[in-house]
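Examining the three-dimensional arrangement
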Amino acid sequence: MVSITLDGTIRSEVFVGQTKTGVARVSFILESHSSDSLPLHFSIICLGSTTAGRAATLTRGTRILVCGRLTSGGKDKKVSVIASHFELLETVNHDTPAQSQITD
């Protein structure tokens, strides 16, 4: 298993749904923050009632810290991050940092 921690901004709409087996699923694209390289885009997937339930409240433009594991699959063999934890760093209005921590 390859673990990863990312600091980034949500750059897509947040898609809320379920897996084929009925597990809550939320997905979005996260753009990494890096001062020494071009930004990278990661497909983030949140599963389970706790993580996905709270991730469903996220919006485009929110800055978060995501911890999870890299995975690949599907017909496109795309690499994604299955989030196990995320923390809000800045809300969309960028006025005040949020103090919320979510874990599944």
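Fair warning: this is a prediction, and the values are worked out from it, not measured in the lab. (Residues numbered from 1 in each chain as written. Predicted model: local features only at pLDDT ≥ 70, side-chain atom pairs only at ≥ 80, totals over all residues. Heavy atoms only, no water.)

Remarks on the confidence of the model for the protein
Mean pLDDT over the protein: 85, with 88% of residues reaching 70 or higher. Low pLDDT, under 50, characterises residues 94-104; the stretch is placed with 26 contacts to residues that sit more than four places away or in other chains. (pLDDT = per-residue confidence, 0-100. Contact = heavy atoms within 4.5 Å.)

Notes on the pattern of salt bridges
Evaluation of the coordinates by the stated rule reveals 4 salt bridges. The partner of D7 in a salt bridge is R63, and the shortest N-O contact between them spans 2.7 Å. Linking D7 in strand β1 (residues 3-10) with R63 in strand β5 (residues 63-73), this pair joins segments that are 56 residues apart in sequence. We classify D7 as partly exposed; its relative accessible area is 25%. For R63, a relative accessible area of 22% corresponds to the partly exposed category. Across the pair E31 and R11 runs a salt bridge whose closest N-O atoms are separated by 3.3 Å. Residue E31 is located in strand β3 (residues 24-32), and its partner R11 is located in the loop between β1 and β2 (15-18); the two are separated by 20 residues in the primary sequence. (Salt bridge = Lys/Arg side-chain N within 4 Å of Asp/Glu carboxyl O. Helix = DSSP H or I, 4+ residues; strand = E, 2+ residues; numbered from the N terminus. Buried < 20%, exposed > 50% of the residue type's maximum accessible area, 1.4 Å probe, protein only.)

Describing the nonpolar core
Of all hydrophobic cores here, the largest spans 19 residues; its most connected members are F28, L30, I44, C46, L58, I64 and V66. Secondary structure elements with two or more residues in this core: β1, β3, β4 (41-47), α1 (49-55), β5 and β6 (78-90). The dominant element in this core, judged by the number of residues it contributes, is β6, at 4 residues. (Core = buried A, V, L, I, M, F, W, Y, C linked by side-chain atoms within 4.5 Å.)

Focus: the environment of L65
Mapped onto the elements, L65 comes out in strand β5. C-alpha of L65 to C-alpha of E90: the two residues are 25 residues apart in sequence and 9.8 Å apart in space. The residues contacting L65, other than those within four sequence positions of it, are T5, L6, D7, H85, F86, E87 and L89.

Some words on the pairing of β6
The sheet contact formed by β4 and β6 spans 4 bridges and is parallel. Pairing of I44 across the sheet is with V81, part of β6. Count of turn residues in the β5/β6 antiparallel hairpin: 4 residues, of which G74 carries a positive phi of about 80 degrees. (Pairing = 2+ DSSP bridges.)

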